[in-house]
Amino acid sequence: AVTINRADYTAPAYWIDTVDLCFDLDPAKTRVLNKMKLRRNTDLPVQALKLDGEELNLARVLVNGQGTSFKMEGKQLVLDNLPDEFELEIFTTTCPAKNTKLMGLYVSNDSFFTQCEAEGFRRITYFLDRPDVMAMYTVTLRADSTKYPVLLSNGNLVDSGKLEDGRHFAKWVDPHKKPSYLFALVAGQLVSREQRITSRAGKEHTLQVYVRPGDLDKTEHAMTSLMHSVAWDEARFGLPLDLERFMIVATSDFNMGAMENKGLNIFNTKYVLANQATATDVDFSNIESVVGHEYFHNWTGNRVTCRDWFQLSLKEGLTVFRDQEFSQDLCGEASARAVKRIEDVRVLRTAQFPEDAGPMSHPVRPDSYVEISNFYTVTIYEKGAEVVRMMQTLVGRDGFAKGMTLYFERHDGHAVTCDDFAQAIADANPQSELARLLPQFKRWYSQAGTPRVSAQGVYDAAAGTYTLTLGQNCAPTTGQGVKEPFVIPVGLGLLGADGKDLPLQLSGEPEARSTNGTRTVVLTQASETFTFTGIVAEPVPSILRGFTAPVVLEFDYTDAQLLHLLAHDSDPFNRWEAGQRLAVNRALSAIKSIAGSASDTGAAALDDAYIEAMRQVLRHPALDAAFKELVLTLPSETYLAEQLDTVDPQRIHAVREAMRQQLATRLHADWETVYAANHDTGAYTPDAVSSGRRALAGMALTHLCLAAVASGDPVWPGKTLQRFKDAGNMTDRFNALAALVSSGHSLAAQALQSFHAMFKDEALVIDKWFSLQVSAPDRGGNILPAVKQLMKHSDFSLRNPNRARSVISTYCQGNPAGFHRADAAGYVFWSERVIELDAINPQVAARLARALDRWSKLAEPYRSAAREAISRVAAKADLSKDTLEVVTRALA
Ligand code: B3K
Ligand code: ZN
C-alpha cells in the first residue's frame, strides 16, 4: 500500500473549468458521458494529464472532438501532448447494482444514490479527483420515468421532459463551482416535504426533504431542524443560504451519517426520519445536529473547501464546532447548554482520547495516510472542534465571529489550509492572545496526543494567597517522540467554604478580574505558577471549567473537596466532573484491590458519603433532570479502562455492575420518588427539559428493575412491562424495554418479542431492537451466543451498514465485557466478520477493525489472543487498503 504524505503536495497540472455530465441510468449498466473544459496550470512545467478512475469501463476518449491516444498507468488514465486549453470527452460505463462499497454511484432500494467524498467521484468518471480542482457542473440525468420519477442533482433544475421508450430527463446546473467530492445525483421513487422560506435579506428559498413514499410523516423534525439551521447561520455568523433550492434526501444504505453535497445533502435515514412513535429523544437531538452540521458545511467546506485531504479538519473540526454551538444555542437556558457540553466532552474522552493514545493516533492535521477514509476520525472531527473552540476562547465570541468574516473575505471560492483558517482568526483579532501565540497555538494541529495538565495548589494563610502551579506534559505518540508545550486555556474558579466563587485577583493586578467567578489563564510553558491574592481561607480550586481544553487534568482532589465541588460549583461542567471523579476513584480502587476472580466485587462497596452525595443530587430542588441523569451515570467501562495501565475488561465490568447494583438498592426510595416526579412529561415534544425528565425517569426504572431482580420483588418489573405497553412515545417505550433487558429480568424476552412485532416494518426501530440485545450487560458469557443467533434472524443483513453495525459493531465496540472473553471467542468472531465485511464494504470493515485498537493495554490472556486475531486479519490476502492500514498500524 502506498503512503501519501502531506509534505508532497503539489498543485494540479491542469484545471478543470466546466464539467458537463450526462447519465443514462440503469442499475446493470449506467453510461456516463463526461465533457470537460481543461486548462493547463501555467505555474507548473508542462506535464501529462493523469486522471483518476476506479472500476470503470472506458469506451472512448476525445480531445477537441478527435480520437486520441492514451495510456493507463495503474488506475490512472494518462494523456500527453495536450494543448494548453482543450475540451475532453470521456465515455465510460459502470454497474451501480454491484456497487456494495457504497462509494460512487450505487443502488439502494431500487433508487440511485452517489457518495463521492473523499474519493468516490473517480468511480463515476475519470477526473482530477482532488478537492483543489473546482469546476462548474451541468448534469443531465436520463432514466425510466416509472421506476425513477424523481431525478435530482446539485443546483437548479433548468430543463426536464419526456424521452422515447418510457424514459425522461432532467437537467441541473449548479451556479457554484465545486470540487468533485461535492457532486451528487439521486434518482428514484421519492416524495418530498417542501417548505418555502424567506431569508433575513428577503430572499426566497425552497427547502425539500425527500424520502421513500410512506416516510413523509417522519420528516417534520428534519425540516424544522433545517429551518433553524438556516436562521442560525444568518444570525450568528451572517452566513446566508446561497441557493434557491436546498434538498435533503434520505437513504437507508449509507456508510456514515450524512453528506454535504452542494444543495443536495444525502443522509442516512437514521438522521432524517423521526416521529414520536419511532424515534427517541436522542434520535431527535442527533437529527437536529446532523442536519445542522451538513447545512453549515455549505459555507465551511463548500464555499471554502480543503486544499488537500490532510486539511480535512479545516472543514470538519470547524463544522462540528458550529453544530455543537448551534445545538447549545437552540437549548437556550444555561443549564441545558451545559448538559450538551458535558455530552460532547464525554464523546471526546471516551472515543478521541483512546484514539489519540493508540495505534491510529494522528494529529488534527495528519502528515500521512494510506487510505483517507480511515481519517474521518474523532480526532479530525471532535478534537478539531475543540481546537476551534479554544480559538474562540482566546479571542472571545465576537472576535471569533469577526475572524470568520475575514476568513470568508479572504478565501471564498478557494481550497485552503488549516493555517489559512487560524491566520484569519488571529488577524481579525490582532490584540488577542491567539495572535500573540499563533505559531505555538498551531501545535494543536501538528502534534498528536492528549496533553496532561497537572495542578498543585498551595494556600498561604499568613499571606492570604493561593498559588496554583500548572504543568503540562504529552506522552509520545506513533512517530512523534518529543512534544513541545501547547497553548492551553484553563478556566479557573476558587470556591470558598460557603461554596461561592471568590473574586480572582492575580498578584500584581490592581483589582480582581473575573466574569461570574471564572477567569481563563493561558498555560504556554511546561510549568507556570499563578498566585491569587486576598484569599482569606483555603479555597477549593475548580480547574478547567467548561473543559476549556482537550486535556487530562490531574489534581489530587480529596473526597471532601470533590464533595464540595459536587454540591456547589457554579460551573456545571466541573460540578458533574466532581461526581465523575468520585466514581472513578472508587471504581479504580476496587478494580485494583480485587485479588481473586472477576466476580469477587466485595471491594466495590460504595461508602455512605458517596451514596449520600448521589442522594442529594437526586433530591436537589434546583438541578435539572438531565443534569441529574448525567451525574448519576457511572463512568463507562471504556473510560475506566483508559485510566488503567493494564486492562482486565471483565474486572472493570464486574466492579461497575456492582456499583450500579448498589446505587439501585441503596437509593431505592429515591428512584421511586424520581420516577413518580418525572415519568409523566405530557404531550410529547423533544425539547431539552422534557427529554431530560424522560431520561431520568428511564434511569430510575432501570435501577428499580435492577433492585427488583436482586430482591425478587415482582412489582417494578411488572410496572415496567406495563409502561412498555402503554408508552405514548418511543423514548418511554424503549427506556422501559431497556430497563427490563439491562436488569436481566425474565420479562425482557416477551417485551422484546412484542417490540419486534410492533415495529417489524420500521428498519430504524429494528436496528434498535438488535443493538439493545447485543449491548446488554454480559452475564456468564451470554452475549456472544445471542449475537450469533441474531445474525441468523431473517431481518439481519451484512450488506446494510446500519444493520451490520447494529449487531456487529455494537457488540465489538459497545460491549467490552461481552467482547473481551477469556476464551477468545469474541476476537475470533471479530476477525471473521472483519474479513467477511471487507469483501463487501471496506469502509464498514475498517471501522470495525478498530475495535481492537487498544489491544496492547489488555491483561493476559486477552492481550495475546487479541494480537493473534489481528494478525489473522492482516495475513488475509487481498485485503482492502482501508482494513490493511488499520491492522498494520495496530501491529506496528
Ligand atoms: N463530509 C462527510 C463525511 C464523508 C466521509 C467519507 N468517508 C460527512 C460530514 O462530515 O458531514
Ligand atoms: Zn462534516
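Residues numbered from 1 in each chain as written. Chains lettered and ligands numbered in written order. Predicted model: local features only at pLDDT ≥ 70, side-chain atom pairs only at ≥ 80, totals over all residues.

Assigned secondary structure in the chain consists of 28 helices and 32 strands. Since a compact globule built from 892 residues should have a radius of gyration of about 29 Å, the 28 Å found for the chain is in line with a globular shape. With the C-alpha coordinates aligned to their principal axes, the bounding extent of the chain is approximately 90 × 70 × 60 Å. When each of the 892 residues of the chain is scored for burial, the buried share is 52%. Considering only contacts in the chain between residues 6 or more positions apart, those separated by 24 or more positions represent 70%. (Helix = DSSP H or I, 4+ residues; strand = E, 2+ residues; numbered from the N terminus. Rg over C-alpha atoms; globule rule 2.2 N^0.38 Å. Buried ≥ 20, exposed ≤ 12 C-beta atoms within 10 Å, placed from the backbone. Contact = placed C-beta atoms within 7 Å.)

Before going further, it helps to spend a moment on the confidence of the model for the chain. Looking at the chain, pLDDT values average 97 and 99% of them are 70 or higher. Note on the complex model: pTM 0.99, ipTM 0.99. (pLDDT = per-residue confidence, 0-100.)

UniProt annotation of "domain: Peptidase M1 alanyl aminopeptidase Ig-like fold" (unreviewed entry) refers to residues 449-555 when read in the numbering used here. For residues 449-555, the end-to-end C-alpha separation is 20 Å, with 0% helix and 41% strand making up the annotated structure. (UniProt positions renumbered as here; feature names shortened; annotations may be inferred.)

This brings us to the sheet that holds strand β28 (residues 488-495). Across the sheet, three strands lie side by side as β29-β28-β31; this open sheet has antiparallel pairing. A single partner strand is all that each edge strand has here, and the edge strands are β29 (519-523) and β31 (540-543). Direction aside, neighbouring strands of the sheet carry axes that sit 35° apart on average. Bridge count for β28 against β29 is five bridges, and the pairing is antiparallel. Of the residues in β29, the one forming a bridge with Ile 488 is Leu 523. (Pairing = 2+ DSSP bridges. Axes fitted to C-alpha atoms, helices over the stretch in contact; angles between N-to-C directions.)

A few words now on the domain arrangement of the chain. With domains assigned, the chain is organised as domain 1 (305-446), domain 2 (452-556) and domain 3 (759-892). Put simply, the parts of the chain that give the side of domain 1 that touches domain 2 at least two residues each are α4 (334-357), α5 (378-395), α8 (433-441) and α9 (443-446). When residues of the side of domain 1 that touches domain 2 are assigned to their parent elements, the largest contribution, five residues, is made by α5. Residue classes in the side of domain 1 that touches domain 2 are distributed as eight nonpolar, three polar and six charged. (Domains from an automatic or database assignment. Nonpolar A, V, L, I, M, F, W, Y, C, P; charged D, E, K, R; others polar.)

Moving on, we come to helix α1 (residues 220-237). In this model α1 runs 26 Å from its N-terminal to its C-terminal C-alpha over 18 residues, within 8% of the 26 Å that 1.5 Å per residue would give. When we look at burial in α1, the residues that qualify are His 221, Ala 222, Ser 225, Leu 226, Ser 229, Val 230, Trp 232 and Asp 233. Next to the buried residues of α1 lie β18 (191-198), β19 (204-211), β20 (245-251), α2 (281-297) and α3 (312-331). Downstream of α1 by a residue or two, Gly 238 has a phi angle that is positive, lying close to 65°. (Expected span 1.5 Å × (residues − 1).)

Where strand β12 (residues 134-144) and strand β15 (residues 167-173) come together, seven bridges link them in antiparallel fashion. By the bridge assignment, Asp 144 is partnered in β15 with Arg 167. As judged from the six bridges shared by strand β14 (residues 156-162) and β15, these two strands associate in the antiparallel manner. Considered in β15, the bridge of Asp 159 is made with Lys 171.

With that out of the way, let us pick up the site of ligand 1. As a matter of local geometry, ligand 1 sits amid Glu 117, Ala 118, Met 256, Ala 258, Met 259, Glu 260, His 293, Glu 294, His 297, Glu 316, Ser 373 and Tyr 376. Those elements that provide at least two residues to the shell around ligand 1 are β21 (258-259) and α2. For the shell around ligand 1, the class distribution of residues is five nonpolar, three polar and four charged. (Near = placed C-beta within 6 Å.)

Glancing now at the packing of α3 against α4. The angle between the axes and the distance between the axes are what describe a pair of packed helices. The geometry of α3 relative to α4 is characterised by a closest axis approach of 8 Å and an angle of 150° between their N-to-C directions. As far as their axial angle goes, α4 and α3 are roughly antiparallel. Where α3 crosses over α4, the handedness of that crossing is right-handed. Counted together, Gln 324, Ser 327, Gln 328 and Cys 331 of α3 and Ala 336, Arg 337, Lys 340, Arg 341 and Asp 344 of α4 form the full contact between these two elements. Its residues placed into classes, the contact of α3 with α4 shows two nonpolar, three polar and four charged. (Parallel < 35°, antiparallel > 145°, perpendicular 65-115°, else oblique. Left-handed = near helix turned anticlockwise from the far one by under 90°.)

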